[in-house]
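Summary of structural features
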Amino acid sequence: MKSRFFTHRVLLERAALCVTGALIITCAQAQQHLPVHGRVTDSDGQPLAGTTVMITSTKHGTTTDANGIYHLDARRGDSLAIHSIGYQSRTVVVGSSTVINVQLAAENRGLSEVVILGYGTQQKKDVTASVSTINVSELKDVPAANVTRMLAGQAAGVQVKQTTGKPGQEMQVRIRGLSSLGAGSDPLYVVDGFPVGTDIGQNLNPADISTITILKDAVSTAIYGARGSNGVVLITTKQAQQGKTTLQITANYGVQNVPESRRTKVLNGKDFAQFKKDAFMDKIRYFENREPSLDEVPADYRNPEDTKYSTDWLDAILNQNAPYQNYNVTLSAGKGSVRSLVSLGYLDQEGSLIHNGYRLYSVRANTEGEVNSFIRVGLNIVGSYSKQ
């Protein structure tokens with residue numbers, strides 16, 4: 001009886017050992033590295049050499065060869081991160097298959113953007129000069145009464161400072177800092193290829209601008225001579241597009257106020273009369289070395305408590321909630337070889353002080369036609385009327 005019990009016990013122990021061994025083998029196989037390989041290509045099927053393939057959990061990885069082939073040992077369930085300069089990164093998960101082919105899409109970082117220079121146009125990736133391009137489309141919500149307001153904070157190294165609080169006034173623009181003590185340091189403005197001088201004026205409607213390019217280095221001097229020694233601001237106005245008829249209407253409205261933190265604190269009527277009385281009496285004490293009598297104090301502020309009027313003159317001249325409104329209508333059409341555009345603008349900005357404002361009416365029209373493949377004829381008409 002005892003021998004039979006011992007035999008059953010030995011058999012149970014052997015069965016348990018077999019089951020445990022099978023589980024260990026299964027787990028080992030599950031954790032075993034798989035020889036993963038594949039090919040990395042672009043959207044056209046061309047191999048991408050030098051692409052990084054990395055396991056995100058262990059940071060181990062490899063790079064593709066000249067044919068875009070990679071080899072890597074990974075576990076099932078690992079995530080592979082594929083990176084290549086100029087292409088969008090991808091992440092794939094290792095499954096049962098050991099062959100993982102990946103296709104990467106090109107990443108557009110604006111290198112193909114066309115930059116307008118003084119001597120023509122170039123792609124952004126080919127520009128070697130110090131040039132800044134301002135994205136005018138991102139400034140559509142900026143309340144700009146003139147062109148110089150659109151340059152503020154938009155280009156590295158370009159300093160824009162407000163020198164007056166009058167509505168519609170130009171701002172001071174410095175591209176190369178203070179370059180001369182006697183002559184001016186204002187940049188040269190070029191509108192549609194025509195130099196207009198160092199003062200852009202108030203007649204150009206900001207809503208008519210298509211692109212703004214700033215030339216900072218010696219390129220501007222090589223093209224425009226001494227006039228461009230302080231930098232050049234190239235402005236291109238809007239043109240009609242071929243085969244399209246568009247009507248664009250924009251309207252902006254806002255209010256302006258001087259914040260409480262920037263208002264000068266003043267005394268009321270009683271406090272001001274007391275201040276004048278104390279100052280008058282202190283002057284006699286200091287210079288005549290005696291105590292003044294009340295009768296010597298002028299009657300206007302002899303008794304401060306009897307003062308009836310308190311006038312805050314700063315508050316009296318402030319124009320609270322001064323309105324700002326800007327309306328623009330642009331109609332463009334392009335048919336065949338002829339393109340035309342007409343733009344109307346109205347700007348009305350009241351100042352933060354009473355009896356202070358700026359009003360601008362502007363109209364712009366341009367027509368361009370192609371005589372043949374190498375001759376183009378165009379006409380630009382600009383008119384404006386401002387009142388301040």
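Note: the structure precedes this text.
Here the structure is a predicted model, which means the values were calculated and not measured.

Analysis parameters
Residues numbered from 1 in each chain as written. Predicted model: local features only at pLDDT ≥ 70, side-chain atom pairs only at ≥ 80, totals over all residues. Heavy atoms only, no water. Helix = DSSP H or I, 4+ residues; strand = E, 2+ residues; numbered from the N terminus. Buried < 20%, exposed > 50% of the residue type's maximum accessible area, 1.4 Å probe, protein only. Contact = heavy atoms within 4.5 Å. Areas by Shrake-Rupley, 256 points an atom, 1.4 Å probe, with all protein chains shown as cover. Phe/Tyr/Trp six-rings, centres within 6.5 Å; stacked < 30°, edge-to-face > 60°. Pairing = 2+ DSSP bridges.

Moving on, we come to the overall build of the chain. Summing up its helical and strand segments, the chain has 5 helices and 21 strands in all. By residue count, 29% of the 388 residues in the chain fall in the buried class. Considering only contacts in the chain between residues 6 or more positions apart, those separated by 24 or more positions represent 56%. Total accessible area on the chain is roughly 24600 Å²; 53% of this is exposed by carbon and sulfur atoms.

Next up on the list: the packing of aromatic side chains. Counted under the stated rule, the structure contains 5 aromatic pairs. Arranged with centres 5.0 Å apart and planes meeting at 85°, the rings of Tyr-286 and Phe-287 form a pair that is edge-to-face. According to the relative accessible area criterion, Tyr-286 is exposed, its value standing at 66%. Given a relative accessible area of 64%, Phe-287 falls into the exposed group. Ring centres 6.4 Å apart and planes at 10° place the aromatic pair Tyr-327 and Tyr-346 in the stacked group. Of this pair, Tyr-327 sits in strand S18 (residues 322-335) while Tyr-346 sits in strand S19 (residues 338-350), and the two are 19 residues apart along the sequence.

To continue, consider the pairing of strand S1 (residues 34-41). The pairing of S1 with strand S4 (residues 69-74) spans 6 bridges and is classified as antiparallel. Residue pairing across strands places Arg-39 opposite Ile-69, the latter belonging to S4. Note that S1 and strand S7 (residues 102-103) share 2 bridges and pair parallel. Bridge pairing links Thr-41 to Gln-103 in S7.

By themselves, these observations are geometric and do not establish any function.
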